[in-house]
Amino acid sequence: IAGGTFSSDPTAYLAEGYVATANTNDTWKVSERTDVLLVAQVGVNKYESLAKDINAADAGDTVTLVNNAETNSLKAGITYDLNGYKLTYTSSSSLSFSNQTTSFIGGAKGGTLDFPNILSTNSAIWPNAGATLNVSDITVTCNGSAFYPAGNATALNITNCNVSSSVYCVATNASSTDNYGVV
């Protein structure tokens, strides 16, 4: 339950990020929590921690930001809808994945994907063999290389983005036959 008025206490059935409040007329009102800053949601569930939201997401789900958020962990196989907000990835490790599709989108509202701790020749996102990375309608900032597609049948699709990187926006290495199928 993610909203409404009820004749009995619905607390046991509430979606994550919602609270039931007793009214004076023996009814209960369900509304979004206001005692914490909710940063992201999957479906109707809203979370105060992006890490909790990412852990709750299954392959193919969309994590939608509802405020600016920071995380030191990203999960492959899901879509991140920045929804006009800034997602800061604080880890210095690459998001590396194979045989999955991961997307970072902004839609009409845009958004910013920031990698402040990816430095020098390190890459922020490293899709490997059989992986697809879709990035659209956002700004990407990185202090290293933003994207490093590597491995056979790897696809990187960048649409309507502003990518700013201290090293390479898109790096690749065709020195072995594993990288010949990168598109």
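Residues numbered from 1 in each chain as written. Predicted model: local features only at pLDDT ≥ 70, side-chain atom pairs only at ≥ 80, totals over all residues. Heavy atoms only, no water.

## Observations concerning the pattern of salt bridges
Side chains that carry opposite charge are capable of pairing whenever their charged atoms lie near each other.
Link 1 in the chain: The full count for this structure, using the stated rule, is four salt bridges.
Link 2 in the chain: Across the pair Asp35 and Arg33 runs a salt bridge, and its minimum N-O distance is 2.9 Å.
Link 3 in the chain: Residue class for Arg33 comes out partly exposed when judged on its relative accessible area of 23%.
Link 4 in the chain: Between Arg33 and Glu48 there is a salt bridge, with the nearest N and O atoms lying 3.4 Å from each other. With Arg33 in the loop between strand 3 (28-32) and strand 4 (40-42) and Glu48 in the loop between strand 5 (45-47) and helix 1 (50-56), this pair connects stretches of sequence that are 15 residues apart.
Link 5 in the chain: Ionic contacts of the salt-bridge type, sharing partners, join the residues Arg33, Asp35 and Glu48 into one network. (Salt bridge = Lys/Arg side-chain N within 4 Å of Asp/Glu carboxyl O. Buried < 20%, exposed > 50% of the residue type's maximum accessible area, 1.4 Å probe, protein only. Helix = DSSP H or I, 4+ residues; strand = E, 2+ residues; numbered from the N terminus.)

## With respect to the nonpolar core
Link 1 in the chain: Membership of the largest hydrophobic core comes to 34 residues, with the highest contact counts inside it found for Phe104 and Ile125.
Link 2 in the chain: Mapped by element, the contributors of at least two residues to this core are strand 4, helix 1, strand 6 (62-65), strand 9 (86-89), strand 10 (95-97), strand 12 (112-127), strand 13 (132-136) and strand 14 (139-147).
Link 3 in the chain: Leaving out residues up to four positions away in the same chain, Ile125 has contacts with Leu95, Phe97, Phe104, Leu113, Phe115, Leu133, Ala146, Phe147 and Tyr148.
Link 4 in the chain: If you look at the next biggest cluster of nonpolar residues, it comprises five residues, including Leu14, Ala15, Ala20 and Val30. (Core = buried A, V, L, I, M, F, W, Y, C linked by side-chain atoms within 4.5 Å. Contact = heavy atoms within 4.5 Å.)

## Structural notes on the pairing of strand 11 (residues 101-105)
Link 1 in the chain: Relative to strand 11, strand 8 (residues 79-81) is paired through three bridges, and the arrangement is parallel. Its bridge partner being in strand 11, Tyr80 is matched across the sheet by Phe104. (Pairing = 2+ DSSP bridges.)

## Overview of the sheet that holds strand 3
Link 1 in the chain: On the basis of which strands lie adjacent, the open sheet formed by three strands has the order 1-3-2 and antiparallel pairing. Edge positions in the sheet fall to strand 1 (4-6) and strand 2 (18-22), since each of these pairs with one other strand and no more. Put simply, the sheet's adjacent strands are angled 30° from each other on average, direction ignored.
Link 2 in the chain: Examined bridge by bridge, strand 2 and strand 3 share five bridges and lie antiparallel to one another. Bridged to Ala22 within strand 3 is Trp28. (Axes fitted to C-alpha atoms, helices over the stretch in contact; angles between N-to-C directions.)

Limitation: the analysis is restricted to geometry and does not speak to function.
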